[in-house]
Amino acid sequence: TQYDEYADIMYRLSKVIVERSFDPMKYTNTIFFNTAEGAEYLKLKGKFDEISWKIVHDRKEVLSKNPDILKDSKNLSFLDVLLTVKYEDGSPLSMKRHPRGSECFHI
């Protein structure tokens, strides 16, 4: 499933990031992205972004078809909160901001 692939990508990204943190030669992005690990990171990051967008889109679709899900406020996910938050003027958050806004929780 997409969640298994997501978990695998998260594991592999974490491993690359930890390995990079122990190699001072790879601290600089210019050097890191020209290594095999940097190439793997970029490839995994692309897949990660793709799956993240799909998860956000799928959840938004589920919520639009069944808004009663939001009534159980004790069991809302962080994504549900992001999808329902509105600016002071009443406009919803941009879809482009959701994955970036939640990145601190997974990378």
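Up top is the structure these notes are about.
Our subject in this report is the structure included herewith. Just so it is clear, the model here is predicted, and its values are computed rather than measured.

Below, the discussion takes up the packing of aromatic side chains. How two aromatic rings sit relative to each other is set out by the distance from centre to centre and by the angle between their planes. Applying the stated criterion to the full structure yields 4 aromatic pairs. Geometrically, the ring pair formed by Tyr6 and Phe48 is stacked, given 5.3 Å between the ring centres and 25 degrees between the ring planes. Residue Tyr6 is located in helix 1 (residues 2-21), and its partner Phe48 is located in helix 3 (residues 36-65); the two are separated by 42 residues in the primary sequence. Relative accessible area serves as the criterion here: at 1%, Phe48 is assigned to the buried category. Cluster of aromatic residues (ring-pair linked, three or more members): Phe32, Phe33 and Tyr41.

Below, the discussion takes up the nonpolar core. Grouped together as the largest cluster of nonpolar side chains are 15 residues, with contacts concentrated most on Tyr6, Ile9, Leu13 and Phe48. Within the residue set of this core, elements represented by two or more residues are helix 1, helix 3 and helix 4 (78-84). Ranked by residue count, the leading element in this core is helix 3, at 7 residues.

Quick look at the pattern of salt bridges now. Applying the stated criterion across every chain yields a total of 7 salt bridges. Here Arg12 and Asp8 are joined by a salt bridge, their closest N and O atoms 3.3 Å apart. With Arg12 and Asp8 both in helix 1, this residue pair falls 4 residues apart, about one helical turn. Relative accessible area serves as the criterion here: at 35%, Asp8 is assigned to the partly exposed category. Residue Asp23 pairs with Lys26 through a salt bridge whose shortest N-O separation is 3.6 Å. Lys26 gets classed as buried once you look at its relative accessible area, which sits at 16%. Salt bridges linked by common partners bring Asp8, Arg12 and Glu40 together as one network.

What counts, and at which threshold
Residues numbered from 1 in each chain as written. Predicted model: local features only at pLDDT ≥ 70, side-chain atom pairs only at ≥ 80, totals over all residues. Heavy atoms only, no water. Phe/Tyr/Trp six-rings, centres within 6.5 Å; stacked < 30°, edge-to-face > 60°. Helix = DSSP H or I, 4+ residues; strand = E, 2+ residues; numbered from the N terminus. Buried < 20%, exposed > 50% of the residue type's maximum accessible area, 1.4 Å probe, protein only. Core = buried A, V, L, I, M, F, W, Y, C linked by side-chain atoms within 4.5 Å. Salt bridge = Lys/Arg side-chain N within 4 Å of Asp/Glu carboxyl O.

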